[in-house]
Amino acid sequence: MSEQSIISLKNIEVKFQQKNQLIHAVKDVSLDIERGDIYGIVGYSGAGKSTLVRVINLLQKPTSGTVLVNNIPLAETNNNKTTYLQGSKLRNARKKIGMIFQHFNLMNERTVADNVLFPIARNHTLTKEQKNTKVADLLALVGLSDRSNAYPSQLSGGQKQRVAIARALASDPEILISDEATSALDPKTTNAILALLKSLNEKLGLTIVLITHEMQAVKDIANKVAVMENGQIIENGSLLEIFTNPQKQLTKDFIDTATQLEDGLAKVQAQPIVTNLQAPDVLVQFSYAGETTGEPLISSLFKEYGIVANILFGNVEILQSTPVGTLIVILSGESHAIQTALHNVKEQGVKVTLLKGELI
Ligand SMILES: Nc1ncnc2c1ncn2[C@@H]1O[C@H](COP(=O)(O)OP(=O)(O)O)[C@@H](O)[C@H]1O
Ligand SMILES: [Mg+2]
């Protein structure tokens, strides 16, 4: 565990016994999340994401493994025996962890203000006035000051999620777990909620665990990402590392969807210029990050090697202030020149994937 870890999971196992079937939902997961991270956890439905994050606040007891939050062990396995934090100690540890969900989980018979008040209503260290001020401040923070007397049924999906966020923040958590919080929202509302989460991360230093099946959401606000499949974390690292150098096919698939490369590629592959591709021409994908940029790359191919590059698709993303670009191009020229050029382009740190044709 590193010094700054606010959440440290070690060798987490979760098994469910269902009738005659054993479901192994989480398999030997170890993960460290540092204070101030927005840690994205992506995976398809059933991968074990929700089960894993419910382990963080012990809503789900791990079958075995160690869970440290702020260095406090909520679960611990020693000598094959797993013990769990209980009672008031568990309640206090849980106050540090807020949670929001896909379906908001608001109380429909209570006003917006009363929903937000709920977690602190029975707090004896705050006066009634302090509580009301706190609720008003939280509603201002999420941009809902004018709806405090409304009922959930009178709100849009995005507004409901804002109420849920304000409610999750009422007990001053240091961690916010977002389990598919934008999955029921349209793209525009999703962006607004993600921007709100990012601003809370910056303003309050809130650590956010962002569970989603959409890499797009992770790409927009996370600084770290883990990919889950079949109960395991198959790959994790900084957003930039994962996006520029994914190791696993599933990670690549998620990224291609998020960067619209998948769509782009399908359209490109259907074009006559590609279906009729003649040797020695090749269809290649260039991926690059940081200093290298697309335009000089393409012009150097012509100037230095006499290769004509026909750009069929291009995309540039800014990830954590670093431009990350993808180009799909047909290269036409003398076959040896193409080989030399691709070799030298790789030397410059550009990733080259041959999509169609042969290097002869
Ligand atoms: N309480 C439970 N009892 C039995 N099986 C469960 C329970 N919760 C989750 N599972 C199973 O564990 C696996 C992982 O589920 P889940 O964590 O919800 O995945 P995700 O959030 O990635 O969609 C699934 O096969 C699911 O059916
Ligand atoms: Mg889930």
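Residues numbered from 1 in each chain as written. Chains lettered and ligands numbered in written order. Predicted model: local features only at pLDDT ≥ 70, side-chain atom pairs only at ≥ 80, totals over all residues. Heavy atoms only, no water.

A. Fine view of the site of ligand 1. Taken together, Phe-16, Gln-18, Ile-23, Ala-25, Tyr-44, Ser-45, Gly-46, Ala-47, Gly-48, Lys-49, Ser-50 and Thr-51 make up all the residues around ligand 1. Take Gly-46: an N or O atom from its main chain is 2.6 Å from an oxygen atom of ligand 1. The contact in question runs from an oxygen atom of ligand 1 to an N or O atom on the side chain of Ser-50, over 2.9 Å. A total of 560 Å² of accessible area belongs to ligand 1 in isolation, and the protein chains cover 63% of it. (Near = heavy atom within 4 Å. Polar contact = N/O pair within 3.5 Å; in protein donor to acceptor, adjacent residues only side chain to side chain. Areas by Shrake-Rupley, 256 points an atom, 1.4 Å probe, with all protein chains shown as cover.)

B. Layout of the nonpolar core. Core analysis: the biggest nonpolar cluster contains 51 residues, and Ile-100, Leu-139, Ile-165, Leu-197, Met-215 and Val-218 have the highest contact counts within it. Sort the elements by how many residues they give to this core and helix α5 (residues 157–169) lands first, with 6 residues. Leu-9, Leu-58, Leu-85 and Val-209 belong to the second-largest nonpolar core, a separate cluster that totals 34 residues. (Core = buried A, V, L, I, M, F, W, Y, C linked by side-chain atoms within 4.5 Å. Buried < 20%, exposed > 50% of the residue type's maximum accessible area, 1.4 Å probe, protein only. Helix = DSSP H or I, 4+ residues; strand = E, 2+ residues; numbered from the N terminus.)

C. Region of the structure containing the pattern of salt bridges. Summed over the entire model, instances satisfying the criterion amount to 5 salt bridges. Its salt-bridge partner being Glu-317, residue Lys-219 comes within 2.8 Å of it at the nearest N-O pair. Taken together, the positions of Lys-219 in helix α7 (residues 215–221) and Glu-317 in strand β13 (residues 308–319) put the pair 98 residues apart, joining distant regions of the chain. Of the two residues, Lys-219 and Glu-317, both sit in the buried class. (Salt bridge = Lys/Arg side-chain N within 4 Å of Asp/Glu carboxyl O.)

D. Region of the structure containing the sheet that holds strand β11 (residues 232–238). In space, the 6 strands of this open sheet follow the order β7-β8-β9-β3-β10-β11, with mixed pairing throughout. Edge positions in the sheet fall to β7 (97–101) and β11, since each has one partner strand and no second. Between one strand axis and the next, the sheet turns by 15° as a mean value, whatever way the strands run. In the sheet, strand β3 (residues 38–42) pairs with strand β9 (residues 207–212) via 5 bridges, with the strands oriented parallel. Counterpart to Val-42 in the pairing with β9 is Thr-212. (Pairing = 2+ DSSP bridges. Axes fitted to C-alpha atoms, helices over the stretch in contact; angles between N-to-C directions.)

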